[in-house]
Amino acid sequence: MRLSINKKKIYFYLFIFLFLNTIFNFKQMSKFSNIFKLNEISINGLNLDEEYSLRSDLELFKNQNIFLINNNQMYSILDDLKYIETFKIKKIFPSELNIDIKKTSYVGKTMKNGIVYLIGNNKKFIEQKKINIQPNVPFVFGNFSIEEFLILQNNLRDNSFNLDEIKSYYYFKSSRWDLNKEDNITIKLPFFNYEQSLKQYKILEDEGKIYKNSIVDLRVPKKIIISYK
């Protein structure tokens with residue numbers, strides 16, 4: 001005799017099996033997900049105040065799945081800190097981030113709209129009062145671009161100038177520079193081919209022909225005009 005099967009009972013048992021299996025899988029997935037929740041962020045390269053401020057900005061990433069963190073959002077937060085030159089983010093599984101930061105060096109300071117800015121080697125203007133430091137750097141006057149200023153400093157180094165001896169820089173609308181050195185010496189550079197002028201000045205300096213309180217005018221091609229203040 002053929003056994004009769006109650007289809008309703010089969011469907012019922014099948015439903016119970018799927019339901020229990022789903023609960024089990026959900027708990028397993030939840031447990032797995034909790035393992036990879038971000039709960040620790042280590043920051044290297046900042047002082048205590050800077051680190052505290054950055055931690056506050058990064059708090060939104062806490063308890064997120066470390067695999068699903070929005071990297072672009074985190075990079076944007078770090079890029080907004082203008083005193084940073086480079087940074088490296090490393091995920092340490094299962095639940096930690098390590099951020100190594102290199103702060104920029106400062107090569108000068110200037111004023112814009114009544115606000116003092118430090119000039120970073122990372123090509124950024126950094127508002128001085130926001131980082132609360134007083135580096136011993138020369139003042140740079142005029143409406144210049146950082147790229148132009150860094151190029152000038154590189155050319156000065158290439159010609160064996162001691163940048164620590166330069167007290168201030170003046171940038172003029174005609175796209176040329178004046179340098180004020182120690183001993184009250186002013187160097188007036190031309191707006192073109194000033195690299196050659198730097199070489200000519202350095203020859204005179206090495207020969208001991210540059211004296212205190214002098215103005216060395218290199219603006220006229222193939223001429224060096226020296227006067228005294």
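Attention in this report is confined to the structure presented alongside it. (Residues numbered from 1 in each chain as written. Predicted model: local features only at pLDDT ≥ 70, side-chain atom pairs only at ≥ 80, totals over all residues. Heavy atoms only, no water.)

## With respect to the overall build of the protein chain
- Summing up its helical and strand segments, the protein chain has six helices and twelve strands in all.
- Looking at the protein chain as a whole, 35% of its 229 residues are labelled buried.
- In the protein chain, the proportion of contacts linking residues at least 24 apart, taken out of those at least 6 apart, comes to 45%.
- Of the roughly 15300 Å² of accessible surface on the protein chain, a fraction of 54% belongs to carbon and sulfur atoms. (Helix = DSSP H or I, 4+ residues; strand = E, 2+ residues; numbered from the N terminus. Buried < 20%, exposed > 50% of the residue type's maximum accessible area, 1.4 Å probe, protein only. Contact = heavy atoms within 4.5 Å. Areas by Shrake-Rupley, 256 points an atom, 1.4 Å probe, with all protein chains shown as cover.)

## Focus: the pattern of salt bridges
- All told, the structure shown has eleven salt bridges when counted by the stated rule.
- In this structure, E127 engages K130 in a salt bridge whose closest nitrogen and oxygen atoms are separated by 3.7 Å.
- When its relative accessible area of 67% is taken as the criterion, K130 is described as exposed.
- With a closest N to O distance of 3.2 Å, E207 and K209 form a salt bridge.
- The partly exposed category is assigned to E207, whose relative accessible area is 46%.
- Salt bridges here are not isolated pairs; linked through shared partners, they connect E165, K181, K202 and E205. (Salt bridge = Lys/Arg side-chain N within 4 Å of Asp/Glu carboxyl O.)

## A short note on the sheet that holds strand β3 (residues 96-103)
- The strand order β1-β3-β2 describes an open sheet built from three strands, whose pairing is mixed. Both edges of this open sheet fall to β1 (40-44) and β2 (84-92), since each of them pairs with a single strand only. Strand-to-strand twist of the sheet, defined as the mean angle between neighbouring strand axes without regard to direction, takes the value 15°.
- Each of β1 and β3 touches helix α2 (residues 48-58); the most contacted strand, β1, lies at about 145° to it.
- Where helix α3 (residues 71-79) meets the sheet, it contacts β2 and β3, and its direction lies at approximately 150° from that of β2. (Pairing = 2+ DSSP bridges. Axes fitted to C-alpha atoms, helices over the stretch in contact; angles between N-to-C directions.)

## Comments concerning the pairing of strand β11 (residues 214-217)
- When strand β10 (residues 185-188) meets β11, the two strands line up parallel, connected through three bridges. The residue of β11 that forms the bridge with T186 is I215.
- Each parallel crossover has a hand, and for β10 linked through helix α6 (residues 194-206) to β11 it is left-handed.
- Note that β11 and strand β12 (residues 225-228) share four bridges and pair antiparallel. In the sheet register, V216 faces β12, and the bridge partner there is I226. (Right-handed = clockwise from strand over helix to strand, strands pointing away.)

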